[in-house]
Amino acid sequence: MLIIGSHVGYKKDTGLVGSVKEALSYKANTFMFYTGAPQNTIRSKISLEDVKEAHTLMQESGIDKNNVIVHAPYIINLANPSKLDFSCQFLIEELKRVATLGFKYLVLHPGSHVGIGVEEGISNIIKALNLVLEKDNSNITILLETMAGKGSEVGRTFEELKTIIDGVKYQERLGVCLDTCHLNDAGYNISDFDKIIDTFDKIIGLDKIKCIHINDSKNPLASNKDRHENIGKGTIGLDNLLNVIYYDKLKDVPKILETPYIDGKAPYKEEIALIRLNKR
Ligand code: FE
Ligand code: FE
Ligand code: ZN
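Scope of this entry: the structure provided in the associated data block. Source: prediction; values computed, not measured. (Residues numbered from 1 in each chain as written. Chains lettered and ligands numbered in written order. Predicted model: local features only at pLDDT ≥ 70, side-chain atom pairs only at ≥ 80, totals over all residues. Heavy atoms only, no water.)

Remarks on the pairing of strand β6 (residues 141-145)
Alright, step 1. Most of β6 sits inside the fold, with 5 of its 5 residues counted as buried.
Alright, step 2. Here β6 shows a buried face lined by T141, L143 and E145 and a second buried face lined by I142 and L144.
Alright, step 3. Relative to β6, strand β4 (residues 105-108) runs parallel, the two sharing 4 bridges. Bridging across to β6, Y105 finds its partner in T141.
Alright, step 4. Two elements, β6 and strand β8 (residues 174-179), share 4 bridges in a ladder whose sense is parallel. If you follow L144 over to β8, its bridge partner there is V176. (Buried < 20%, exposed > 50% of the residue type's maximum accessible area, 1.4 Å probe, protein only. Helix = DSSP H or I, 4+ residues; strand = E, 2+ residues; numbered from the N terminus. Pairing = 2+ DSSP bridges.)

Shown next as structure tokens:
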């Protein structure tokens with residue numbers, strides 16, 4: 001069964017119930033959200049009553065909690081030594097929040113090395129992940145996202161992700177989140193997805209893919225930009241995206257849309273309908 005959803009809001013007044021309702025309004029059977037604004041550290045207290053009500057609603061409406069994804073905020077940068085203590089502390093708290101919310105996966109951008117070089121950046125990420133996972137005793141899996149290679153982003157190649165995973169003691173707590181826009185912008189040609197999957201399988205192993213962000217791209221292959229486009233309106237195109245969405249070996253992996261709003265309106269209901277209509 002196709003597991004598809006989108007990024008949804010999670011607001012203080014409407015809570016997690018509001019997030020589930022938003023997902024359902026798009027006819028989605030999963031969703032992804034941030035526990036607060038991705039650019040800041042302000043987090044409001046989680047209401048356990050709201051979480052309970054949200055999980056009941058999910059059960060009644062066919063959303064499996066194991067397919068729901070939380071995205072860590074961008075302010076966490078495990079590659080940057082000057083922010084390491086803060087980032088680790090915030091990530092530990094974030095894992096607690098994900099556990100309280102009752103979910104299993106946290107997507108994390110590996111980090112940006114901000115000038116110290118990829119190797120140093122990776123070594124900082126490894127140290128940080130070991131420290132965080134040592135302290136955290138939840139069962140949350142951290143999904144390292146494949147990055148576009150914008151600025152000094154680490155994680156633009158499968159080899160970089162593999163090096164990070166290899167350095168971490170608790171590898172069973174790590175997985176990968178593919179992002180089609182990021183892959184394209186990093187130089188992986190989505191029109192030859194078999195080759196991407198083959199490469200990934202050889203380097204990391206297909207079983208590590210736990211989430212796929214489905215986005216078209218505003219920019220050409222290998223542009224290192226990271227600007228998402230609506231499904232079928234970018235340089236990747238509908239056909240290539242459908243091939244990823246319906247890829248048999250990844251059929252149990254949740255697919256999440258992070259495409260831009262159109263005229264201030266979420267495009268997800270229409271995009272999910274388009275995807276379902278073009279079932280392969
Ligand atoms: Fe992301
Ligand atoms: Fe993404
Ligand atoms: Zn992106």
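Picking up where we left off.
Describing the nonpolar core
Alright, step 1. Counting 83 residues, the largest nonpolar core has F31, F33, F103 and L129 as its most contacted members.
Alright, step 2. Top element by residues in this core is helix α3 (residues 84-101). It accounts for 8 residues.
Alright, step 3. The contact partners of F103, leaving out residues within four places of it in the chain, are L16, F31, F33, H55, M58, K65, V68, V70, V98 and I140. (Core = buried A, V, L, I, M, F, W, Y, C linked by side-chain atoms within 4.5 Å. Contact = heavy atoms within 4.5 Å.)

Some thoughts on the environment of F103
Alright, step 1. Within the fold, F103 resides in the loop between α3 and β4.
Alright, step 2. Sequence separation between F103 and T141 is 38 residues; the distance between their C-alpha atoms is 9.6 Å.

Focus: the side chain of N67
Alright, step 1. Looking at the element boundaries, N67 is found in the loop between α2 (48-61) and β3 (69-71).
Alright, step 2. With residues near it in sequence (within four places) discarded, N67 still touches I3, T30, F31 and P254.

Comments concerning the coordination of the zinc ion (ligand 3)
Alright, step 1. Here the zinc ion (ligand 3) is held by H182 (NE2), D226 (OD) and H228 (NE2), and the distances to it run 2.0 to 2.3 Å.
Alright, step 2. Positions of the donor residues of the zinc ion (ligand 3), expressed as sequence spacing, correspond to H-x43-D-x1-H.
Alright, step 3. In this structure the iron ion (ligand 1) is found 5.2 Å away from the zinc ion (ligand 3). On the criterion of sequence distance, the pair formed by H182 in helix α6 (residues 180-186) and H228 in strand β11 (residues 228-229) is long-range, its members being 46 residues apart. Like H228, H182 is buried. (Donors = N, O, S within 2.8 Å, 3.2 Å for Na, K, Ca; no water.)

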